[in-house]
Amino acid sequence: MIERRGRIPQRQEVPSYQANLLSDAVVAWVGYGEAVSPKRDDDRVRQRFGAAEAERLLPIVRAVEAECWASKAHLAAANPAAMATAAAAHLHERFPDLREDAIEAVVWAYTFDNR
């Protein structure tokens, strides 16, 4: 079961170095560019960033995914492409400093789960 905790209540702006770190963590966690299907993996984040930094990042990473689910694009979209577009737009609005590859990673996992 996928955890969908930590919904962030408002638009999140973070300094660019932190946005890059968070983006890297999101991509690693989902396995984007490494796996043939999404695999949310806390250990992959721990290996890449160390235990202490991973424990700081993982709740935020999960909140980014939770925010994607909060878009409810899976309920409103007519097809998978429209669902991906709507979910990505929602994440861009909520996390304007998150890199595009991180948005793509979360949307990839989200659309995979809702195929």
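The structure we're discussing is the one just above.
A quick note: this is a predicted structure, and the numbers were derived from the prediction, not measured.

Parameters at a glance
- Residues numbered from 1 in each chain as written.
- Predicted model: local features only at pLDDT ≥ 70, side-chain atom pairs only at ≥ 80, totals over all residues.
- Heavy atoms only, no water.
- Helix = DSSP H or I, 4+ residues; strand = E, 2+ residues; numbered from the N terminus.
- Contact = heavy atoms within 4.5 Å.
- Areas by Shrake-Rupley, 256 points an atom, 1.4 Å probe, with all protein chains shown as cover.
- Buried < 20%, exposed > 50% of the residue type's maximum accessible area, 1.4 Å probe, protein only.
- Arc of directions from axis to C-beta.
- Polar contact = N/O pair within 3.5 Å; in protein donor to acceptor, adjacent residues only side chain to side chain.
- Core = buried A, V, L, I, M, F, W, Y, C linked by side-chain atoms within 4.5 Å.
- Phe/Tyr/Trp six-rings, centres within 6.5 Å; stacked < 30°, edge-to-face > 60°.
- Lys NZ or Arg CZ within 6 Å of the ring centre and 35° of its normal.
- Axes fitted to C-alpha atoms, helices over the stretch in contact; angles between N-to-C directions.
- Parallel < 35°, antiparallel > 145°, perpendicular 65-115°, else oblique.
- Left-handed = near helix turned anticlockwise from the far one by under 90°.
- Expected span 1.5 Å × (residues − 1).
- Bend = angle between axes of the 7 residues up to and from the residue.

1. Side note on the overall build of the protein
For the protein, the helix and strand inventory stands at 6 helices and 0 strands. Ordering the α and β elements of the protein from the N terminus gives α-α-α-α-α-α. The contacts of the protein with a sequence gap of at least 6 include a subset with a gap of at least 24, amounting to 69%. Carbon and sulfur atoms form 52% of the exposed surface of the protein, whose accessible area is close to 6,200 Å².

2. Some thoughts on helix α2 (residues 42-49)
Of the positions making up α2, those classed as buried are R44, V45 and F49. Down the axis, α2 shows its buried residues gathered within 110° of arc, on one side only. One side-chain oxygen at the N-terminal end of α2 lies 2.9 Å from the backbone nitrogen of D43; it belongs to D41. Remark: G50 follows α2 within two positions and exhibits a positive phi of approximately 90°.

3. Quick look at the nonpolar core
In this structure, V45 and L91 are the most contacted members of the largest nonpolar core, which totals 30 residues. For this core, the elements supplying multiple residues, two or more each, are α1 (16-30), α2, α3 (51-70), α5 (80-94) and α6 (100-113).

4. Brief notes about the packing of aromatic side chains
By the definition in use, this model includes 2 aromatic pairs. Its guanidinium or amino end placed over the ring of F112, R115 lies 3.9 Å from that ring's centre, counting from NZ or CZ.

5. Concerning the packing of α3 against α5
It is the contact of α3 with α5, at a shortest axis distance of 9 Å, that shows an interaxial angle of 130°. Judged by the angle between their axes, α3 and α5 are oblique. The interaxial crossing formed by α3 with α5 has right-handed handedness. Contacts between α3 and α5 pair V64, E67, C68 and A70 from the former with A87, H90, L91 and R94 from the latter.

6. A look at α3
Counted at 1.5 Å a residue, the expected span for α3 with its 20 residues is 28 Å, and the 28 Å between its end C-alpha atoms agrees. Maximum bend of α3: about 30°, positioned at L57, with proline P59 one to four residues after it. Along α3, the residues classified as buried are A54, L57, L58, V61, R62, A63, V64, E65, A66, E67, C68 and W69. Looking at the residues trailing α3, positive phi occurs at K72, about 55°.

7. Points about the environment of L98
Of note, L98 is situated in the loop between α5 and α6. Judged by its relative accessible area of 7%, L98 falls in the buried class. Each C-alpha atom, one on L98 and one on N20, is 7.0 Å from the other, the two residues being 78 residues apart in sequence. Discounting residues that sit within four places of it in the chain, L98 has contacts with A19, L22, S23, V64 and I103.

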